[in-house]
Amino acid sequence: MNLNTQAIDVSKFIKKYQYPILQDWMQNLKAQSVRADPAGDEQLREHCNQFLDSLAEALRSGKANDITSESWDEVRNLLTEISQARAKYGYTPNETALFIFSLKQSLFTRMLTEFAQDAATLVSIMWMLSTLLDGLGLFTIEVFQKSRDQIILRQQQELLELSTPVVKLWKNILALPLIGTLDSDRTQIVMESLLQKIVDTGAEIAIIDITGVPTVDTLVAQHLLKTIAAARLMGADCIISGIRPQIAQTIVHLGVNLEDVITKATLADAFVVALERTGSSITNRPLA
Amino acid sequence: MDRIPILSMGNLLLVIIQFDMHDRLALALQDDLTEQIVKEQAKGVLIDISALDVVDSFIGRVINNTASMARLLAAETVVVGMQPAVAITLVELGLALTGVKTALNVEKGMALLGKSSGR
């Protein structure tokens, strides 16, 4: 008996016992998973049933050894959908893979009774199914991993956009409070949003506040200088504020040259300088 | 060949670049501008590049050189209206145009020239 006719046999077998297999499978799933399916039992049952349907359909084509082939498209699409949903709900890879692996037990117990009289067939069918389900299980993990990566990537981007606001402090004065480490990607976004804001507001002075930057190494300093140079090309001067004592020490020890840039210890000091430059001033008036 | 017009306003020269320059046009502008500075005895030059979307290292260097030449001829140069993308490109190319004064728009550039020539 060759592999193709075996696959067709299995397909018939699944169709014949679809309901009891489904029941067993559901029970296994529920017994093994730590938490209930967020979409509810109904949804899970629906998924399982669809999977058995499409599995039987794909096996009927006889190509049990190649799950990347066309006849397995539907199975793969369904698994992709399920894995992606699970990645979104924060399942562990383990729980995701269990979906496929827990089917083995219910299939195999039923096969034991069905093919009891022919041990050789039983073994070869079991071997085929086992490899097949392993392959599908690995596929779910791969999809799961991919969706998780996508989620992380999206969050990174959102974080980037969130963490670089440019605020208008006064007429012609902008402030750019930097929080977190400055890498090349962030510098690019910081630069773009600062320059765009300079165009929008016609600002003459931008205060870059680095209170929230944990460390300043040569690379970060270089990125800062680049931003300042770009702002200057647009006709705006920059002031760096929020330099903490340790950071002042590091900058000098590293030999970074910030001499051409106006630097101040606090944002307030920088603001006063900026006001003077733009011709405004703050005075205290006696309280009435 | 096309030429970029150089307008004379009092003792200032006004250059408004209205399309993306190719290399020869940039060099021609350099020639014309230096000659005009001498001829008009200009004290200041204002170059508006707000219509320039693309700047390569060559154009960047020509702008820088033109400013240096103008300074030799005792005229102050202000480059105005640089696009954000152009500014980022120039910085990434390592051309920070340190010798050139810059302003956001023509109005501010004029104010800057007026201030430095003491009017």
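Calculation criteria
Residues numbered from 1 in each chain as written. Chains lettered and ligands numbered in written order. Predicted model: local features only at pLDDT ≥ 70, side-chain atom pairs only at ≥ 80, totals over all residues. Heavy atoms only, no water. Helix = DSSP H or I, 4+ residues; strand = E, 2+ residues; numbered from the N terminus. Rg over C-alpha atoms; globule rule 2.2 N^0.38 Å. Buried < 20%, exposed > 50% of the residue type's maximum accessible area, 1.4 Å probe, protein only. Contact = heavy atoms within 4.5 Å. Areas by Shrake-Rupley, 256 points an atom, 1.4 Å probe, with all protein chains shown as cover. Salt bridge = Lys/Arg side-chain N within 4 Å of Asp/Glu carboxyl O. Buried area = accessible area lost by both parts, 1.4 Å probe. Polar contact = N/O pair within 3.5 Å; in protein donor to acceptor, adjacent residues only side chain to side chain. 1 Å grid on protein atoms, 1.4 Å probe; cavity = no way out; pocket = protein on both sides within 12 Å on 5 of 7 lines; lining within 4 Å. Points joined across faces, edges and corners; volume = space filled by probe spheres on them. Pairing = 2+ DSSP bridges. Axes fitted to C-alpha atoms, helices over the stretch in contact; angles between N-to-C directions. Parallel < 35°, antiparallel > 145°, perpendicular 65-115°, else oblique. Left-handed = near helix turned anticlockwise from the far one by under 90°. Nonpolar A, V, L, I, M, F, W, Y, C, P; charged D, E, K, R; others polar. Domains from an automatic or database assignment. Core = buried A, V, L, I, M, F, W, Y, C linked by side-chain atoms within 4.5 Å. pLDDT = per-residue confidence, 0-100.

Colleague: I tried to follow the overall build of chain B on my own but got confused; where do I start?
Modeller: Each helix and strand counted, chain B has four helices and five strands in total. Start at the N end of chain B and walk to the C end: the helices and strands fall as β-β-α-β-α-β-α-β-α. In terms of overall dimensions, chain B is globule-like: its C-alpha atoms have a radius of gyration of 13 Å, near the 14 Å expected for 119 residues. For chain B, the spread of C-alpha atoms along the principal axes amounts to about 35 × 30 × 25 Å. Per-residue burial for chain B yields a buried fraction of 46% across its 119 residues. Long-range pairs, those at least 24 residues apart, make up 74% of the contacts in chain B with a sequence separation of at least 6. Of the accessible surface of chain B, which amounts to about 5,900 Å², a share of 52% is contributed by carbon and sulfur atoms.

Colleague: What exactly am I supposed to notice about the pattern of salt bridges here?
Modeller: Opposite charge on two side chains permits them to pair, given that their charged atoms come into close proximity. All names here are of chain A. Counted by the stated rule, this structure contains 13 salt bridges over all chains. Among the ionic pairs, D73 bridges to R76, the shortest N-O distance being 2.6 Å. Within this pair, D73 and its partner R76 are both found in helix α4 (residues 73-88), separated by three residues, close to a single helical turn. The exposure class assigned to D73 is partly exposed, which follows from its relative accessible area of 34%.

Colleague: What exactly am I supposed to notice about the interface of chain A and chain B here?
Modeller: Interfaces are often described in size by the accessible area the parts lose on coming together. Contacts between the two partners involve 18 residues from chain A, matched on the other side by 17 residues from chain B. Taken together, both faces of the contact between chain A and chain B bury some 1,400 Å²; the carbon and sulfur share is 64%. Of all residues in chain A, R232, L233 and M234 of chain A bury the most surface against chain B, accounting for 45% of the area lost on that side. For the pair chain A and chain B, the number of links is two salt bridges. Measuring nitrogen to oxygen at the nearest pair gives 3.8 Å for the salt bridge that ties E204 of chain A to K108 of chain B. Inspection of the region where chain A meets chain B yields seven residue pairs in polar contact (both at pLDDT 80 or more). Broken down by secondary-structure element, the contributors of at least two residues to the side of chain A that touches chain B are α7 (184-201) and α8 (218-233) of chain A.

Colleague: Could you clarify how one ought to interpret the layout of surface pockets in this entry?
Modeller: Unoccupied space between atoms shows up once a probe the size of one water molecule is rolled over them. The space that makes up the largest pocket amounts to roughly 540 Å³. Lining of the largest pocket is provided by 16 residues; of these, G235 and D237 of chain A together with T102, L112 and K115 of chain B occupy positions nearest its centre. If you list the elements that add at least two residues to the lining of the largest pocket, you get β5 (101-103) and α4 (106-116) of chain B. Considering every element that reaches the lining of the largest pocket, the biggest residue donor is α4 of chain B, with four residues. The space that makes up the second largest pocket amounts to roughly 450 Å³. What lines the second largest pocket is a set of 21 residues, among which I228, A229, R232, D260 and V261 of chain A lie closest to the centre.

Colleague: Honestly, empty space enclosed by the protein in this entry has me stumped. Any pointers?
Modeller: Residues and elements named next belong to chain B. Tallying each qualifying case throughout the model produces one cavity of 30 Å³ or more. In this structure, the largest cavity occupies an estimated 60 Å³ of space. In terms of lining, the largest cavity is formed by I17, M21, A26, L29, Q30, I47, V62, I63 and T66. For the lining of the largest cavity, the elements supplying multiple residues, two or more each, are α1 (23-40) and α2 (57-72).

Colleague: Explanation requested: the sheet that holds strand β2 (residues 12-16) of chain B in the structure shown.
Modeller: Sheet strands pair by backbone hydrogen bonding; their relative direction is either parallel or antiparallel. All names here are of chain B. Spatial ordering of the open sheet is given by β1-β2-β3-β4-β5, a layout of five strands whose pairing is mixed. This sheet does not close on itself; its edge strands, each paired only once, are β1 (6-9) and β5. Sheet twist, expressed as the mean angle between neighbouring strand axes with direction ignored, is 25°. In this structure, strand β4 (residues 76-80) lies alongside β5, joined through three bridges in parallel fashion. Bridge pairing in β5 places V80 opposite A103.

Colleague: Mind showing me how you'd approach the packing of helix α3 (residues 41-60) of chain A against α4 of chain A here?
Modeller: For any two helices packed against each other, the geometry comes down to the angle between their axes and how far apart the axes lie. Residues and elements named next belong to chain A. Packing of α3 against α4 leaves a shortest axis separation of 8 Å and a crossing angle of 155°. Between α3 and α4, the crossing angle belongs to the class labelled roughly antiparallel. α3 and α4 meet at a crossing whose hand is left-handed. On the side of α3, the interface is formed by L44, H47, Q50, F51, S54, L55 and A58, while α4 contributes E74, V75, L78, L79, E81, I82 and R86. Grouping the amino acids of the contact of α3 with α4 by side-chain chemistry returns eight nonpolar, three polar and three charged.

Colleague: What should I look at first to understand the domain arrangement of chain A in this one?
Modeller: In terms of domain boundaries, chain A breaks down into domain 1 (3-158) and domain 2 (167-277). Taking only C-alpha atoms into account, the centre of domain 1 of chain A sits 55 Å from that of domain 2 of chain A.

Colleague: Explanation requested: the side chain of S130 of chain A in the structure shown.
Modeller: Residue and element names in this part refer to chain A. Turning to its location among the elements, S130 is positioned in helix α6 (residues 119-162). A polar atom in the side chain of S130 sits 3.5 Å from the side chain of K104. In contact with S130, other than residues within four places in its own chain, are K104 and F108.

Colleague: I keep staring at the nonpolar core and nothing clicks. Help me out?
Modeller: For soluble globular proteins, nonpolar side chains are generally found buried alongside one another. Residues L178, I198 and I210 of chain A together with I17, M21 and M82 of chain B are the most contacted members of the largest nonpolar core, which totals 68 residues. Looking at which element gives the most residues to this core, the answer is α8 of chain A, with eight residues. Not counting the four nearest positions on each side in its chain, I17 of chain B is found in contact with I4, L29, I47, D48, I49, A51 and L52 of chain B. Ranked by size, the runner-up nonpolar core spans 40 residues in total, among them L22, C48, I67 and L129 of chain A.

Colleague: What should I look at first to understand the confidence of the model for chain A in this one?
Modeller: Overall, the predicted model of chain A reaches an average pLDDT of 85, with 97% of residues at or above 70. Considering each helix and strand of chain A separately, the mean pLDDT is smallest for helix α1 (residues 3-16) of chain A, with a value of 81, and largest for strand β4 (residues 237-241) of chain A, with 93.

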